[in-house]
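Reading the structure
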Amino acid sequence: MEDTVFWKIVRKEIPAQVVYEDDETLAFLDIAPVTLGHTLVIPKKPFVNIFDIDQETLARVIETVRKVAPIVRDATGALGVHINSNHGEEAGQVVPHLHFHIIPRHVRDGFEFWPKIDCSEEEMDAVAEKIRAGISF
Ligand code: AMP
């Protein structure tokens, strides 16, 4: 298991602006916010990402996101929030401890996302078929 900054925050070895905590989850301010109030929600157990976390723990994390998101929105006077989560280094995950970003959004806040690609109907059909073929639940 990699000893990440978030695992250190859980163990209270380094400080964080914790805004919510329960037995399984923790919410704290991102140290480099996209907008003011940018909050991270993590499981206390050090799962890396969506590919190794169990269903029950993920449900608890999502429940904390659901409860904290409107409070972050209201506390920052935002109109909405962007909820994002990166899974895998290539997908932009820098800290290998699962986390959801709750980013307050304002009109013209400078946060731009995301690029669109051009792809054919055949490519869409083929990728949908591959995904369907992989589903066994
Ligand atoms: P990601 O790219 O999805 O892995 O995001 C990692 C996030 O963790 C970034 O937005 C960082 O600003 C944030 N971060 C890194 N170190 C800390 C820390 N010590 N306290 C709070 N947030 C942190």
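Our subject is the structure listed above.
Residues numbered from 1 in each chain as written. Predicted model: local features only at pLDDT ≥ 70, side-chain atom pairs only at ≥ 80, totals over all residues. Heavy atoms only, no water.

**Concerning the site of the ligand**
- Close contacts around the ligand come from 16 residues, with Asp30, Gly92, Val94, His99 and His101 the closest.
- Contact between the ligand and asparagine 86: an oxygen atom at 3.0 Å from a side-chain N or O atom of the residue.
- For the ligand, whose free accessible area comes to 510 Å², the fraction covered by protein is 82%.
- Contributing elements (two or more residues each) for the shell around the ligand: helix H1 (5-10) and strand E2 (25-29).
- Ranked by the residues each element gives to the shell around the ligand, the list is headed by H1, at 3 residues.
- Residue classes in the shell around the ligand are distributed as 10 nonpolar, 5 polar and 1 charged. (Near = heavy atom within 4 Å. Polar contact = N/O pair within 3.5 Å; in protein donor to acceptor, adjacent residues only side chain to side chain. Areas by Shrake-Rupley, 256 points an atom, 1.4 Å probe, with all protein chains shown as cover. Helix = DSSP H or I, 4+ residues; strand = E, 2+ residues; numbered from the N terminus. Nonpolar A, V, L, I, M, F, W, Y, C, P; charged D, E, K, R; others polar.)

**Details of the pairing of E2**
- The element E2 is largely enclosed, with a buried count of 4 among its 5 residues.
- Where strand E1 (residues 18-21) and E2 come together, 3 bridges link them in antiparallel fashion. Along E2, the bridge assignment pairs valine 18 with phenylalanine 28.
- In this antiparallel pair of consecutive strands, E1 and E2, the connection spans 3 residues.
- Pairing between E2 and strand E3 (residues 39-43): 5 bridges, direction antiparallel. Across the sheet, residue leucine 29 finds its bridge partner in E3, namely threonine 39. (Buried < 20%, exposed > 50% of the residue type's maximum accessible area, 1.4 Å probe, protein only. Pairing = 2+ DSSP bridges.)

**Details of the nonpolar core**
- In terms of nonpolar packing, the biggest core is built from 13 residues, with Val41, Phe100 and Ile102 touching the most fellow members.
- Beyond its immediate chain neighbours, meaning those up to four positions away, valine 41 contacts Leu26, Ala27, Val61, Thr64, Val65, Leu98, His99, Phe100 and Ile102.
- Trp7, Leu26, Leu40 and Ile42 belong to the second largest nonpolar core, which has 9 residues in total. (Core = buried A, V, L, I, M, F, W, Y, C linked by side-chain atoms within 4.5 Å. Contact = heavy atoms within 4.5 Å.)

**Quick look at helix H3 (residues 121-134)**
- For H3, spanning 14 residues, the distance from its first C-alpha to its last is 20 Å, which sits close to the expected 20 Å at 1.5 Å a residue.
- Within H3, only 0 of the 14 residues are buried, leaving the element largely exposed. (Expected span 1.5 Å × (residues − 1).)

**Here's the deal with helix H2 (residues 55-76)**
- With 22 residues, H2 extends 31 Å between its outermost C-alpha atoms, agreeing within 8% with the 32 Å of an ideal straight helix rising 1.5 Å per residue.
- Its axis deflected by about 30° at valine 68, H2 carries its strongest bend there, up to four residues before the proline proline 70.
- Within the span of H2, buried status applies to Thr57, Leu58, Val61, Thr64, Val65, Val68, Ala69 and Val72.
- If you follow the buried residues of H2, they end up packed against E1, E2, E3, strand E4 (80-84) and strand E5 (100-105).
- Here H2 starts with a cap whose side-chain oxygen sits 3.2 Å from the backbone nitrogen of glutamate 56, and that cap is aspartate 54.
- Where H2 ends, the next residue or the one after it, glycine 77, has phi of about 65°, a positive value. (Bend = angle between axes of the 7 residues up to and from the residue.)

**Notes on the environment of phenylalanine 28**
- Locating phenylalanine 28 in the fold gives a position in strand E2.
- Exposure remark for phenylalanine 28: the relative accessible area of 2% places this residue in the buried category.
- Separated by 14 residues in the primary sequence, phenylalanine 28 and isoleucine 42 place their C-alpha atoms 8.7 Å from one another.

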